[in-house]
Amino acid sequence: MPLSLAAKRKHLHQRRYDFQGFEREDNLWDIEGRITDVKSYPFDNQFRGTIEAGEALHDMWIRLTVDINFIVQDIEASIDDSPYAICPSITPNFKKIIGLKVGPGWRAAIRRAVGGTEGCTHLVEMLGAMATVTFQTLYPAMIKHQAKLKEKTMNDGQPKKRPGIIDTCHAYSADGEIVRHEWPDFYTGTS
């Protein structure tokens, strides 16, 4: 259901995110993101002169490369448009993300690595949102990988490992129907 009818208003700003996930031939995955900000009116910028209506104030990209365990293997950041000439010079700093795991604590780890003066607010914000895109992209491969691990665990007598997705949202609550059905050994509900 769409939002209700809005009050009479004037459009001023538009931010767009675009995320895509790709499976590579080398058993890694690329998650690409782009953020753009545009105004519906022209305005002056000290470094770029007049930024026309519809022209990007921000146009920034990230390619995050991860393995099946959600560990960042590589990252590339690019800034095509920004309000200041200095902004693109921070993109090499994003290599500090390599080795981090996309999952619980991801946003805090990003802030520690490239937050504040060590990064770009917009790229850091975009990286936070890329976590769910990473999960959505890897989910089918992750299920296959977990099935292989489960089979191995059953064969070697080791205890089963609790799937990391449990308790990450309402749908995956340990006491909920989905966990009861998908991972009954880790179901904590009463029925």
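Relevant structure appears above.
Below: a short report on this structure. Being a predicted model, the structure only gives us computed values, none of them experimental.

Criteria and thresholds
- Residues numbered from 1 in each chain as written.
- Predicted model: local features only at pLDDT ≥ 70, side-chain atom pairs only at ≥ 80, totals over all residues.
- Heavy atoms only, no water.
- Salt bridge = Lys/Arg side-chain N within 4 Å of Asp/Glu carboxyl O.
- Helix = DSSP H or I, 4+ residues; strand = E, 2+ residues; numbered from the N terminus.
- Buried < 20%, exposed > 50% of the residue type's maximum accessible area, 1.4 Å probe, protein only.
- Pairing = 2+ DSSP bridges.
- Axes fitted to C-alpha atoms, helices over the stretch in contact; angles between N-to-C directions.
- Contact = heavy atoms within 4.5 Å.
- Polar contact = N/O pair within 3.5 Å; in protein donor to acceptor, adjacent residues only side chain to side chain.
- Core = buried A, V, L, I, M, F, W, Y, C linked by side-chain atoms within 4.5 Å.
- Arc of directions from axis to C-beta.

### Focus on the pattern of salt bridges
A pair can form between side chains of opposite charge whenever their charged atoms are brought close.
Working step 1: In this structure the tally under the stated criterion is 12 salt bridges.
Working step 2: A salt bridge links Arg15 to Asp37; the nearest nitrogen and oxygen atoms lie 2.7 Å apart. In this pair, Arg15 sits in strand S1 (residues 13–23) while Asp37 sits in strand S2 (residues 29–39), placing the two residues 22 residues apart along the sequence.
Working step 3: Accessibility expressed as a relative area gives 31% for Arg15, which makes it partly exposed.
Working step 4: A salt bridge links Arg63 to Glu76; the nearest nitrogen and oxygen atoms lie 3.3 Å apart.

### With respect to the sheet that holds strand S5 (residues 56–66)
Working step 1: Taken in spatial order, the 4 strands line up as S1-S2-S5-S6 in an open sheet, and their pairing is antiparallel. Of all strands in the sheet, those with a lone pairing partner are S1 and strand S6 (72–81), marking the two edges. Going from strand to strand, the sheet's axes swing by 10 degrees on average, the running direction of each strand aside.
Working step 2: With 10 bridges joining them, S2 and S5 adopt antiparallel strand pairing. Its bridge partner being in S5, Ile35 is matched across the sheet by Met60.

### Structural notes on the pairing of S6
Residues in a regular strand project their side chains so that they alternate between the two faces of the sheet.
Working step 1: Summarising the sheet, S5 and S6 pair through 8 bridges and their orientation is antiparallel. Paired with Val66 across the strands is Val72, a residue of S6.

### Quick word on the environment of Asp81
Working step 1: Within the secondary structure, Asp81 sits in strand S6.
Working step 2: Considered as a pair, Asp81 and Tyr139 are 58 residues apart in the sequence and their alpha carbons are 33 Å apart.
Working step 3: In this structure, Asp81 is in contact with Arg48, Ala56, Leu57, His58, Asp59 and Met60, ignoring residues within four places of it in sequence.

### A few points about the side chain of His58
Working step 1: Here His58 shows up in strand S5.
Working step 2: Side-chain polar atoms of His58 contact the side chain of Asp37, separated by 2.8 Å.

### Some points on the nonpolar core
Across soluble globular proteins, you tend to see nonpolar side chains buried next to one another.
Working step 1: Core analysis: the biggest nonpolar cluster contains 41 residues, and Leu64, Phe94, Ile97, Trp106, Leu123 and Leu127 have the highest contact counts within it.
Working step 2: At the level of elements, S2, S5, S6, helix H1 (106–114) and helix H2 (121–156) are the ones that each hand at least two residues to this core.
Working step 3: Not counting residues within four places of it along the chain, the set of residues in contact with Leu64 comprises Trp29, Asp30, Ile31, Val72, Asp74, Ile75, Ile97, Val102, Trp106, Leu127, Met130 and Thr134.

### A closer look at H1
Working step 1: Here H1 has its buried residues at Trp106, Ala109, Ile110, Ala113 and Val114. Angular distribution of buried residues about the axis of H1 spans 100 degrees; they occupy a single face of the element. The exposed residues of H1 that point more than 90 degrees off its buried face are Arg111 and Arg112.
Working step 2: One or two positions beyond H1, positive phi appears at Gly116, with a value near 55 degrees.

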